[in-house]
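So the chains spell out like this:
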Amino acid sequence: MRGWWREITGLVLPAACGGCGSPRTPLCDDCGRALYGTWAGRVRPAPEPAGLPVVHAAAPYEDAVRAVLLAHKERGALGLAAPLGRALAGAVQAAVPPGTGVGPLLLVPVPSTRRAVGARGHDAARRIALAAAAELRRAGRPGRVLPVLRQRRTVADQSGLGARQRAVNLSGALEVPVGGARLLAAGRVVLVDDLMTTGASLAEAARALRAAMVPVASSVSPAVAGAALPGASMSARVQVSAAVVAAPALSFEINRN
């Protein structure tokens, strides 16, 4: 019910820019350029958690970008899903460049807890992923959202936890239900989320996907089981990329020493 109310109010109430508050527009030109006006880049947290896939982000998590993400996630500004999806689509394109012949892109959102979704009234990551898939299709790249990850146990609130504490909190928390692995075998898997901070959520999500995909990896196309060095484990052959809307500025490789 809360989600429907937000949908309705988003249509009838006057809009203000989610980034800077300028009137009569959900996102002004300046804030749009901050969100998706530059090339997406690879990001790596420090310390980098074990098992983290290669991650690309559209923009640094600061100023207008931070405001837009919080307005969408925490304040229910659902009209921002489209521009956030555009930014995420750019990060996906950077993670799996066009012309690589990997088949359809399968966007797997990192799931939020039921408690968080209930409190916010919507699943922010899944909503942005759907918008990104639509943007990719408009650009001529087949893509769809596969929400196959689910929580298998309760986790603590991540706010206030450090990198190591987050990794412990999330270890073994996600899984792919029976049958999900076969769906993932239909294309190139890209984990997606709105924000990467320590990388713990993406690392745990990647672990769960690899664990589910290993049993079928030897029988699927190179889009799932990629070339690897002789003697590499089957888990190492499973290709999982990741893309997010934003990450801390210091996580971008161009800003690292």
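Residues numbered from 1 in each chain as written. Predicted model: local features only at pLDDT ≥ 70, side-chain atom pairs only at ≥ 80, totals over all residues. Heavy atoms only, no water.

Of the regular secondary structure elements, the protein holds ten helices and eight strands. The buried share of the protein, reckoned over its 257 residues, is 48%. Across the protein, the fraction of contacts at a sequence separation of at least 24, relative to all contacts at a separation of at least 6, is 73%. Summed over all atoms, the accessible surface of the protein reaches about 12,800 Å², with 56% contributed by carbon and sulfur. (Helix = DSSP H or I, 4+ residues; strand = E, 2+ residues; numbered from the N terminus. Buried < 20%, exposed > 50% of the residue type's maximum accessible area, 1.4 Å probe, protein only. Contact = heavy atoms within 4.5 Å. Areas by Shrake-Rupley, 256 points an atom, 1.4 Å probe, with all protein chains shown as cover.)

On to helix H6 (residues 124-138). In this model H6 runs 21 Å from its N-terminal to its C-terminal C-alpha over 15 residues, within 8% of the 21 Å that 1.5 Å per residue would give. Buried residues of H6: Ala124, Ala125, Ile128, Ala129, Ala131, Ala132, Ala133 and Leu136, and no others. Tucked inside the fold, the buried residues of H6 contact helix H3 (63-73), helix H4 (81-95), strand E3 (105-109), strand E4 (143-145), strand E7 (188-195) and strand E8 (240-247). A positive phi of about 90 degrees marks Gly140, the residue just after H6. (Expected span 1.5 Å × (residues − 1).)

Quick look at the pairing of E3 now. Most of E3 is tucked away, with five of its five residues classed as buried. Side chains Leu105, Leu107 and Pro109 of E3 all project onto a buried face; the interleaved residues Leu106 and Val108 project onto the opposite face, where all are buried too. By the bridge criterion, three bridges tie E3 to E4 in an arrangement that is parallel. Counterpart to Leu107 in the pairing with E4 is Val145. Across five bridges, the pairing between E3 and E7 is parallel. By the bridge assignment for E7, Leu105 is matched with Arg188. (Pairing = 2+ DSSP bridges.)

Chain-level statistics for the protein give a pLDDT mean of 82 and a share of 75% at 70 or above. Counting contacts from residues 1-6, a segment whose pLDDT is below 50, to residues more than four positions away or on other chains yields 13 contacts. pLDDT under 50 marks residues 223-236. Its contacts with residues more than four places away, or in other chains, come to 25 contacts. (pLDDT = per-residue confidence, 0-100.)

Quick look at the pairing of strand E2 (residues 55-60) now. Burial within E2 is extensive, with five of its six residues counted as buried. Pairing analysis gives three bridges linking strand E1 (residues 41-43) to E2, with the strands arranged antiparallel. Bridging across to E2, Arg42 finds its partner in His56. In the sheet, E2 pairs with E8 via five bridges, with the strands oriented parallel. Counterpart to Val55 in the pairing with E8 is Ala242.

Overall, mixed pairing links the six strands, which are arranged E1-E2-E8-E7-E3-E4 in an open sheet. Taken across any chain shown, the strands that pair with only one partner, and hence form the sheet edges, are E1 and E4. In this sheet, adjacent strand axes meet at a mean angle of 35 degrees when their direction is disregarded. Against the sheet, H3 touches E2, E7 and E8, its axis set at about 105 degrees to E8. (Axes fitted to C-alpha atoms, helices over the stretch in contact; angles between N-to-C directions.)

Along its 15 residues, H4 runs 20 Å from first to last C-alpha, staying within 8% of the 21 Å computed at 1.5 Å per residue. Counting buried positions along H4 gives eleven out of 15 residues, so the element sits mostly inside the fold. Inspection of H4 places Ala81, Pro83, Leu84, Gly85, Ala87, Leu88, Ala89, Ala91, Val92, Gln93 and Ala95 among the buried residues, and these make up the whole buried set.

Our focus in this paragraph is the pattern of salt bridges. All chains considered together, the criterion is met by six salt bridges. A salt bridge links Arg150 to Glu175; the nearest nitrogen and oxygen atoms lie 2.9 Å apart. In this pair, Arg150 sits in strand E5 (residues 150-151) while Glu175 sits in strand E6 (residues 174-175), placing the two residues 25 residues apart along the sequence. Residue classification places Arg150 among the partly exposed positions, given a relative accessible area of 42%. (Salt bridge = Lys/Arg side-chain N within 4 Å of Asp/Glu carboxyl O.)

Among the secondary structure elements, Ser241 is positioned in strand E8. Setting aside chain neighbours within four positions, we find Ser241 in contact with Pro53, Val54, Ala95, Val96, Arg188, Val189, Val190 and Leu191. For Ser241, the side chain forms a polar contact with the side chain of Arg188, separated by 2.8 Å. (Polar contact = N/O pair within 3.5 Å; in protein donor to acceptor, adjacent residues only side chain to side chain.)

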